[in-house]
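This is what each chain is made of:
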Amino acid sequence: IFSDVRHKLIQYCYPVIFYEGEHNPKSYHRLIFKIIKSVDSKVDLLSVGHKINQTGDKELTHNFAEVVHSDRIAYWKGRYEPFEVLKILKEYLFRRLTVERGEKIIKIAESSPFESLTKDTYLEANKIIMLDRKLLKSETKGPERIARETAERINTKKDVVYTGHKFINDKFGGYTRRAISGLLALPSHMKSTFSDSLVSNTVQKTGQRGLIISLEDPVEERVKRIIASRLNISLRAMRFKEVTVDPQDIVDILTATMKSRLFIYDARDILTPEDASACINDIKPDLVVIDHVQKFEMSDMVIGIIRAIKTIEVAAIRNDCHILITSQVNDKKLNSRGNDKAPEAADAQWTSALRQSASEMGALFYRYRATNDTFLQDLLEFHILKGRYSDAIGKLVLRIDADKAFIGEPIIE
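Right, let's talk about the overall build of the protein for a bit. Helix and strand content of the protein: 19 helices and eleven strands. In the protein, which comprises 413 residues, the proportion classed as buried is 44%. Counting contacts in the protein only where the partners sit at least 6 residues apart, residues at least 24 apart contribute 65% of the total. Put simply, the protein shows about 22,600 Å² of open surface, and 52% of that area lies on carbon and sulfur atoms.

Rendered as structure tokens:
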């Protein structure tokens, strides 16, 4: 009321503080706020009090006296600057809204259908995180802090996840932290094999934390691919029970080779984008692979994928990590192209949201699958479709061993 910036205080703070909910349509606090706002630039205790007295409502007059009692006004005016008052009021508002969200979470936990329990709980918890950012942290970054953090991302390697594959680091400069990327491929064109190799080699060679969220294959299938090349054992031999593997050998790879920094979850634990985001928040990895986005549980595929990508992108920003999202492509559309059926950036199935949001984007094309030419069996094409921070566009041909889930470095560029 007394401050030169009272309009901002009134506009942004008082409405929510005085709001008492739809259950009490005759909210005296709300009426008081309307009166304060109506007197505009002439706001002072006398003019507001006079206007309230004109209503002839004794209870309203009493409420006004309680809200802006002269002693209380003097206390605030004498002890704090206006924006210090705003800060304190925001803290009170955060406490109140957090209690409300907590009560909603309790109700969800007690009565929500099991199918929506995780999703509904996550959404309410996420609102608390958003409140924290909007109310308590939105004004904490001054010019000095912004400058320091920007310089840090320019002058150090903290804005990049360097991978275990040299060609990714050479072409993209590594994957960008706080961002997502896309990997497109037709079914059976080595998406999962490439993803497992990327994350496991990154963990092994760089010591960073890796997470694989497998929405199609169970954890055991991912582990089989990870150990195949390291133990020099054929996946086909595993499938036809022509070999046996000592469990301790697998333990050694996961603990000694990977230093227990590789985490793998499948559809038994994660069904929705919200589940995936919660998992990322918990593990705090450096590099994440989600394989593949169309396998998330969602009622509408197009809208569902758009929302999923947004949820995952927010998780990448909050956790300072990079998330690679694999996507199926429209095989009917590709089959109509003639000889060259390699996916392009716009071919992500159902939506272009991934192309728009991705900082880097690649596509795999296993030409052997399309031609049955045995001379191509050990070659995998990696097409660079987008590099927001690099000019790397083109095609690499990688040496691979599909039967041992091995992805090598390029032999042809």
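Where strand β9 (residues 379-387) meets strand β10 (residues 394-401), six bridges bridge the pair, whose relative direction is antiparallel. Its bridge partner being in β10, histidine 383 is matched across the sheet by lysine 395. The hairpin formed by β9 and β10 contains six residues between the paired strands. From the end of β10 to the start of strand β11 (residues 406-412), which pair antiparallel, there are four residues, and alanine 405 there has a positive phi angle of about 55°.

So, on to the packing of helix α11 (residues 191-206) against helix α12 (residues 219-231). Packed helix pairs are specified by the crossing angle of their axes together with the interaxial distance, meaning the distance between the axes. It is the contact of α11 with α12, at a shortest axis distance of 10 Å, that shows an interaxial angle of 65°. Where α11 crosses over α12, the handedness of that crossing is right-handed. Two secondary-structure elements touch here, α11 through Ser192, Thr193, Ser195, Asp196, Ser200, Asn201 and Gln204 and α12 through Arg222, Arg225, Ile226 and Arg230. Split into classes, the residues belonging to the contact of α11 with α12 amount to one nonpolar, six polar and four charged.

The topology assignment puts serine 200 in helix α11. Residues in contact with serine 200, not counting those within four places in the same chain, are Ile226, Arg230, Met258 and Leu262.

Within the largest apolar cluster, 40 residues are counted, with the highest numbers of intra-cluster contacts made by Ile168, Phe194, Leu262, Phe382 and Leu398. Per-element accounting of this core gives the leading share, five residues, to α12. Apart from the residues within four sequence positions on either side, leucine 398 is in contact with Phe167, Phe194, Asp378, Leu379, Leu380, Phe382, Ile407, Gly408, Glu409 and Pro410. Residues Ile213, Leu334, Ala345 and Ala348 belong to the second largest nonpolar core, which totals 34 residues.

It is worth spelling out the side chain of aspartate 286 at this point. For aspartate 286, the position within the fold is in the loop between α15 (273-283) and β6 (287-291). The buried category is assigned to aspartate 286, whose relative accessible area is 16%. Not counting chain neighbours up to four residues away, the residues in contact with aspartate 286 comprise Val161, Arg177, Gln208, Arg209, Cys321 and His322.

So, on to the packing of aromatic side chains. For the structure shown, the criterion picks out five aromatic pairs. Aromatic side chains phenylalanine 167 and phenylalanine 382 sit 5.6 Å apart centroid to centroid with 70° between the ring planes, which places their arrangement in the edge-to-face category. Of this pair, phenylalanine 167 sits in helix α10 (residues 166-172) while phenylalanine 382 sits in strand β9, and the two are 215 residues apart along the sequence. Of the two residues examined, phenylalanine 167 and phenylalanine 382, each falls in the buried class. Joined through ring pairs, the aromatic side chains of Phe167, Phe194 and Phe382 make up one cluster. Here arginine 236 stacks its cationic end above the ring of phenylalanine 240, 4.5 Å away from the centre of that ring.

Time to look at the sheet that holds strand β4 (residues 210-214). The nine strands lie next to each other as β5-β4-β6-β7-β3-β8-β9-β10-β11, forming an open sheet whose pairing is mixed. Two strands in the sheet have a free side with no partner beyond their single neighbour: β5 (262-266) and β11. Going from strand to strand, the sheet's axes swing by 25° on average, the running direction of each strand aside. Both β4 and β5 contribute to a ladder of five bridges, which runs parallel. Following the sheet pairing, glycine 210 is matched in β5 by leucine 262. In this fold α15 packs onto β4, β5, β6 and β7 (322-328), with an angle of close to 160° to the strand it touches most, β4. Against the sheet, helix α16 (residues 301-319) touches β3 (179-185), β6 and β7, its axis set at about 135° to β3.

Time to look at the pairing of β7. Among the seven residues of β7, seven are classified as buried, and the element is accordingly described as predominantly covered. Across the two faces of β7 the burial is the same, with His322, Leu324, Thr326 and Gln328 and Ile323, Ile325 and Ser327 all buried. One ladder, built from seven bridges, connects β3 with β7; its direction is parallel. Of the residues in β7, the one forming a bridge with leucine 183 is threonine 326. One ladder, built from four bridges, connects β6 with β7; its direction is parallel. Note on β7: the bridge partner recorded for valine 289 is leucine 324.

The linkage connecting aspartate 291 with the following residue, histidine 292, adopts the cis geometry, with an omega of -10°. With respect to the element layout, histidine 292 can be found in the loop between β6 and α16. With a phi close to 55°, lysine 284 is a non-glycine residue in the positive phi region. As for its position among the elements, lysine 284 is in the loop between α15 and β6. For lysine 284, a relative accessible area of 48% translates into the label partly exposed. Backbone geometry places aspartate 320, a non-glycine residue, at a positive phi of 55°. Checked against the element boundaries, aspartate 320 lands in the loop between α16 and β7.

About the criteria used
- Residues numbered from 1 in each chain as written.
- Predicted model: local features only at pLDDT ≥ 70, side-chain atom pairs only at ≥ 80, totals over all residues.
- Heavy atoms only, no water.
- Helix = DSSP H or I, 4+ residues; strand = E, 2+ residues; numbered from the N terminus.
- Buried < 20%, exposed > 50% of the residue type's maximum accessible area, 1.4 Å probe, protein only.
- Contact = heavy atoms within 4.5 Å.
- Areas by Shrake-Rupley, 256 points an atom, 1.4 Å probe, with all protein chains shown as cover.
- Pairing = 2+ DSSP bridges.
- Axes fitted to C-alpha atoms, helices over the stretch in contact; angles between N-to-C directions.
- Left-handed = near helix turned anticlockwise from the far one by under 90°.
- Nonpolar A, V, L, I, M, F, W, Y, C, P; charged D, E, K, R; others polar.
- Core = buried A, V, L, I, M, F, W, Y, C linked by side-chain atoms within 4.5 Å.
- Phe/Tyr/Trp six-rings, centres within 6.5 Å; stacked < 30°, edge-to-face > 60°.
- Lys NZ or Arg CZ within 6 Å of the ring centre and 35° of its normal.

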